[in-house]
Amino acid sequence: MKIHSSTTSPRANFGVVTALAVLILSFPGAIFAQRLPTTITPTHYTLKLAPDLKTAIFSGEESIDVNIGEPTRLITLNAIEIAFQSVTVDSNGSQQSGTVSLDAAKQQAIFTFPDIVPAGNATIKIHYTGILNNELRGFYLSKTARRNYAVTQFEATDARRAFPCFDEPAFKASYDISLVIDAADTAISNTPIAADTPGPGADKHTLVFGTTPKMSTYLVAFLVGDFQCISGREDDVDIRVCATPDKVNETAFALDIAKFALHYYDDYFGIHFPLKKLDLIGIPDFEAGAMENFGAITFRETDLLVDPRTASIAVQRNAALAITHEMAHQWFGDLVTMQWWDNIWLNEGFATWMENKPVAAMHPEWNIPEVVAGDEQNTLDIDARPTTRAIRANADTPEEIDQMFDGIAYGKASDVLLMVENYLGQETFRKGVHAYLAAHEYGNATAEDFWNAQRATSHKPVDKIMESLIVQPGEPVFNFGKPADGSVPVAQERFFLSPGIAPDPAQKWTLPVCFKTTDIQDCKIATPETSSLKIPAAGLLFANATGKGYYRSAYAPAQYADLVTHAESTLTPSERISLLGDEWAQVRSNKATVGDYLNLVAALKSDPSAEVFSNAVGRIGTIADKVAATKQERDELAAWVQRNFAPAYYRLGPPAPGDSPNTLELRAQLLELLVDHGNKTDLSVQARQIANRYLDDPSAVDPTLARAALEAAAENGDAALFDRLQKVYETSANPDLQETALRLLVQFDNPALLERGLEYSVSNKVRNQDAAIQLAIGLEDPDTRDATWNFVKTHWGQVRADLTTDLGSLLVTYTGSFCTGKARDDVKNFFAAHPVTASDVALKHALENIDGCVELRHLQEPNLKKWLAVQGAS
Ligand SMILES: [Zn+2]
């Protein structure tokens, strides 16, 4: 699964925004064991479904071949929202009917038979009906203005809403699926259509799909409607990209990425893509970003259907990464599946790490390694909170399982793999991946299987390193002393953003610390006992060469000063991003001042890398919002921004045909920075002109600059612009333009227009998949935050009605954008009286963020004032 990420903004950098990139889903669930007995195992499902898209119900005929380990009269499997009509079991040549009892809390059905079913093979036959729900999970209804679609989303535990099943990842079986659908409709499932026959009845036809390989229930998919596709072929695999008919024109970009990635992965894994075909389908209503169903990957439309002529670099990059993420899962997750959900991090961490490789190979100009380095800084900040969790944690109930899909399972696990690969070398690591996949294909595996394979191929202590990072919560900081005689003293401890928390002295890590050398790096293993490390002979002391180490570094003053002076000439862009993150972490933990950080930003102000620039100046927004306490301080900071960065923007000039993506992004970031900090009326006018030109003809202006201009224009925008954006959202067939326009409707500073935007967001004109994101965006921006929160409180009934999905926790997470004790109490009291399903962890994190911000302002605001006075005087 890929979490939807198109709403991340480079501006805020407080640990809150990252939660939007990686939704933290959580539920206040009752805790009881819900695992199925292991004595009955399914081997094959035959499933015939007849959905009625108008009445939103479906009927199902199912037979499950099982192996019965011990004689029994009871068979237990998973089912919810299912009405059973009949259940029989065939065994030993005789058939008997059973009765059904339901355990709603455990989401289980128990079949009881009059006679003992003997050990051995048996076939369970079930007739039932179900509902096409509105909850974006199970077998659900997705609607456009023209018609309804019936689609599926089963991960983690919702296959049981579509068909009674042994709904655990280790119960792998093969499937024969057929669908009875309207004569004019088509359907897509995991395998190609094997037969298409008319009937039953004049207005129906029946599609029979080929037998699947052995796979887990959560990877089954079937989609019904009038999808249209474009197709291609790569390495003997038929690849299609499909969408609703009005959007099939936006599919070419995805097909190119998918063809490239398929060949890339065939090579990398050394195992040919396991199926005959691969479909990628855009779904009008979709909660996550995308889902890796075996051979039939589903997407939120904006993560698949992108027009490069009108989409910014960031939008193109995000969609490409969503595609390569899901395709990586076809091997890592689908072919080889985790034994149980406690190891979902291995699935998601792996795909998050792997997604970058084919995109970086296909589009080196998109600066993927630097984007990864920036993401790692966000993850390190999330993991430096006291309420973070260990990567591997127990999960039994659906609520606990859903909670595992968070920034730790995706971001941290991916960073751990990146560090291990960097330490072992790419080819050695690749061989370990191949060995792991080859040993477990069409089966299940655990984390130990993975790191033991890596240890066996590399002969290095991968098991110790990975275990150290996977079973312990949090991250280390390595404090380096003054180097002498070819080595440097070092002490490690757990790092917390908040200076008020004392780390447990017993908590230590074993991991590679890589020093920068003239040719890349020199890695040493630091263990809990290590008190000094040998360092390379000459040059700067920089302890996170390549920026891929999952730890914070802090240096003695002379070594740090040396790094600041030589950062731009000596460090790589990823290393500079790492240095910036480390210095900001020092500010957060009160070991450095906000002025120290801004001095480092000034030292990098002419940085040629857009990603370095974005990391450096992203935190200026945080400082203006969270540290500055008065308008005067914000004005003085804005004056400093203008003095330091306006010349670079004017030097770049307007977009030119030969501009690299890096230049396009740098220009857009400069425009956004200068409009956000300062009263440059000439730039505001320019932004409005660019925005209007883009809305007139989206392919006539550089889309990357246009997005920055649109944000600036909306902030200062009038009713005419609001109306225009609303019309784009309602009439465009380009999902990216639609979403861009929709997001802007809650970014107007004009109070009346903002109110209109918020009202609109929770109206029936906006899909439920978007409502919570709209409110989160309103809460994120300091200029719209108070009004958005007031709106939420005063329109709670309406807001609540739209939080039908797990995305409700996003709204709660974003209340963590506030920065006063009063707001903290207000948020706490409000959600105590108006609880949101699935959001207790989100609330805990939000309150912690507010507390952290209050502390940051208290400690750093005096430093900011002093630093600004010096800047003003000089
Ligand atoms: Zn995933």
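This text follows the structure it describes.
Worth saying up front: this structure is predicted, and the values here are computed from it rather than measured. (Residues numbered from 1 in each chain as written. Predicted model: local features only at pLDDT ≥ 70, side-chain atom pairs only at ≥ 80, totals over all residues. Heavy atoms only, no water.)

### Concerning the overall build of the chain
Stated precisely, the cut-off is as follows: Helical segments are the DSSP runs of H or I of at least four residues, strand segments are the runs of E of at least two, and each set is numbered from the N terminus. When a residue's accessible area, from a 1.4 Å probe over protein chains only, is under 20% of the maximum for its type it is buried; when over 50% it is exposed; and in between it is partly exposed. Whether two residues are in contact is decided by their heavy atoms: any pair within 4.5 Å suffices. For the accessible areas, the method is Shrake-Rupley and the probe is 1.4 Å, while residue cover comes only from the protein chains on display. None of His or the chain ends enter the tally, which takes Lys and Arg as positive and Asp and Glu as negative. For the purpose of locating charges, the reference atoms are NZ of Lys, CZ of Arg, CG of Asp and CD of Glu.
If you tally the helices and strands in the chain, you get 28 helices and 28 strands. Principal-axis analysis of the C-alpha atoms gives the chain an extent of 95 × 65 × 55 Å. A buried classification covers 63% of the 874 residues belonging to the chain. In the chain, the share of contacts with a sequence separation of at least 24, taken over all contacts with a separation of at least 6, comes to 73%. Accessible surface computed for the chain: about 30,100 Å², of which carbon and sulfur atoms make up 52%. Computed over 75 positive and 111 negative side-chain charges, the separation of the two mean positions in the chain equals 3 Å.

### Digging into the state of the cysteines
As used here, a disulfide is simply a covalent bond connecting the sulfur atoms of two cysteines. Counted only if it meets this: Disulfides are defined as pairs of cysteine sulfur atoms found within 2.5 Å of each other.
What the rule picks out here adds up to three disulfides. The disulfide that involves cysteine 229 links it to cysteine 242, with 2.2 Å between the sulfurs. On the sign convention where negative is left-handed, the bridge of cysteine 229 and cysteine 242, at about 100° about the S-S bond, is right-handed. A residue pair is termed long-range when its members are at least 10 positions apart, and cysteine 229 in strand β16 (residues 228–234) and cysteine 242 in strand β17 (residues 237–243) qualify at 13 residues. Put simply, cysteine 514 and cysteine 523 are joined by a disulfide, and their sulfur atoms are 2.1 Å apart. Across the disulfide from cysteine 514 to cysteine 523, rotation about the S-S bond amounts to roughly 105°, and the bridge is consequently right-handed.

### Points about the coordination of the zinc ion
Spelled out, the test is: Note: metal donors comprise N, O and S atoms at 2.8 Å or less from the metal (3.2 Å for Na, K and Ca); water molecules are not included, so apparent gaps in a site are possible.
Coordination sphere of the zinc ion, protein contribution only: Met1 (N), Met1 (O), His325 (NE2), His329 (NE2) and Glu348 (OE), at 1.9 to 2.6 Å. Between the donor residues of the zinc ion, the gaps in sequence give the motif M-x323-H-x3-H-x18-E. Residue histidine 329 is located in helix α3 (residues 313–331), and its partner glutamate 348 is located in helix α4 (residues 344–354); the two are separated by 19 residues in the primary sequence. Assigned by exposure class, histidine 329 and glutamate 348 land together as buried.

### A look at helix α16 (residues 631–652)
Condition: The span expected for a helix works out to 1.5 Å for each residue beyond the first. One axis is fitted to the seven residues ending at the residue and one to the seven starting there. The bend at that residue is the angle between these axes.
Between its first and last C-alpha, α16 extends 30 Å over 22 residues, near the 32 Å set by a 1.5 Å rise per residue. If you look at α16, its biggest bend is around 40°, right at phenylalanine 645, and the proline proline 647 turns up within four residues after that. Packing partners of the buried residues in α16 comprise α14 (594–603), α15 (610–627), α17 (661–676), α18 (681–696) and α28 (840–873). Two residues or fewer past α16, glycine 653 is found with a positive phi of approximately 70°.

### Quick look at the nonpolar core
The cut-off we apply is this: Buried Ala, Val, Leu, Ile, Met, Phe, Trp, Tyr and Cys residues form a nonpolar core when they are joined through side-chain atoms within 4.5 Å.
Formed by 247 residues in total, the largest nonpolar core has its most connected members in Phe163, Phe166, Phe222 and Phe645. Per element, the largest residue contribution to this core is eleven residues, and it comes from helix α8 (residues 407–424). In terms of nonpolar packing, the next biggest core, distinct from the first, is built from 31 residues, Leu807, Leu810, Val812 and Val827 among them.

### Concerning the sheet that holds strand β24 (residues 487–494)
The pairing of strands in a sheet happens through backbone hydrogen bonds and is either parallel or antiparallel. Test applied: Pairs of strands are assigned from DSSP output, requiring at least two bridges between the strands. Every axis in this analysis is a line fitted to C-alpha atoms, fitted for helices over the stretch in contact. Angles between the N-to-C directions lie between 0 and 180 degrees.
If you walk across this open sheet you meet the four strands as β27-β24-β23-β28, and the pairing is mixed. On the outer flanks of this sheet lie β27 (532–534) and β28 (552–554), each paired with one strand and no other. Ignoring strand direction, the axes of neighbouring strands in this sheet form an average angle of 35°. Taken together, the three bridges between strand β23 (residues 476–480) and β28 define a ladder with parallel strand orientation. Residue pairing for β28: phenylalanine 478 is matched across the bridge by serine 553.

### Some remarks on the packing of aromatic side chains
Here is the rule we go by: Each aromatic pair joins two rings of Phe, Tyr and Trp (for Trp, the six-membered one) with centres within 6.5 Å, and gets the label stacked for planes under 30 degrees apart, edge-to-face for over 60, and tilted for any other angle. By the criterion adopted, a ring carries a charge over it if an Arg CZ or a Lys NZ lies within 6 Å of its centre and within 35 degrees of its normal.
One pass over the full model with this rule turns up 46 aromatic pairs. Relative to tryptophan 331, the ring of phenylalanine 273 lies with its centre 5.6 Å away and its plane at 65°, an arrangement referred to as edge-to-face. With a gap of 58 residues between them, phenylalanine 273 in the loop between α2 (252–269) and β18 (277–283) and tryptophan 331 in helix α3 connect regions that are remote in the sequence. Between tryptophan 796 and phenylalanine 830, the aromatic rings sit 5.2 Å apart at their centres with planes inclined by 90°, giving edge-to-face as the arrangement. One end of the pair, tryptophan 796, is in helix α25 (residues 796–802); the other, phenylalanine 830, is in helix α27 (residues 821–833), with 34 residues separating them in the sequence. Each member of the pair, tryptophan 796 together with phenylalanine 830, is buried. Lying across the ring of tyrosine 149, arginine 147 places its NZ or CZ 5.0 Å from the centre.

### Quick look at α14
Of all the positions in α14, only Val594, Gly595, Tyr597, Leu598, Leu600 and Val601 are classed as buried. In this fold, the buried residues of α14 make contact with α12 (557–570), α13 (573–588), α15, α16 and α28.

### A short note on the packing of helix α10 (residues 447–458) against helix α11 (residues 462–471)
Let me state the cut-off plainly: Roughly parallel means an angle under 35 degrees; roughly antiparallel means over 145; roughly perpendicular covers 65 to 115; every other angle is labelled oblique. Gly counts as polar in this scheme, as do all residues outside two lists: the nonpolar Ala, Val, Leu, Ile, Met, Phe, Trp, Tyr, Cys and Pro, and the charged Asp, Glu, Lys and Arg.
At a minimum axis separation of 8 Å, α10 and α11 run at an interaxial angle of 150°. Taken as axis vectors, α10 and α11 run roughly antiparallel relative to one another. Judged by residue contacts, Phe450, Trp451, Asn452, Gln454, Arg455 and Ser458 of α10 engage Val462, Asp463, Met466, Glu467 and Ile470 from α11. Taken together, the residues of the contact of α10 with α11 break down into five nonpolar, three polar and three charged.

### A look at the packing of α18 against helix α19 (residues 703–715)
For clarity, the threshold we go by: Crossing handedness is defined as follows: a turn of the near helix away from the far one that is anticlockwise and smaller than a right angle gives a left-handed crossing, while the clockwise case is right-handed.
Direction vectors running N to C along α18 and α19 enclose 120°, while the axes themselves pass 8 Å from each other. Overall, the two elements α18 and α19 adopt an arrangement that is oblique. Along this stretch, α18 crosses α19, giving a crossing that reads as left-handed. Across the interface between the two elements, Ala687, Arg688, Ile690, Ala691, Tyr694 and Leu695 from α18 touch Pro703, Leu705, Ala706, Arg707, Ala709, Leu710, Ala712 and Ala713 from α19. Among the residues making up the contact of α18 with α19, the classes are represented as twelve nonpolar, no polar and two charged.

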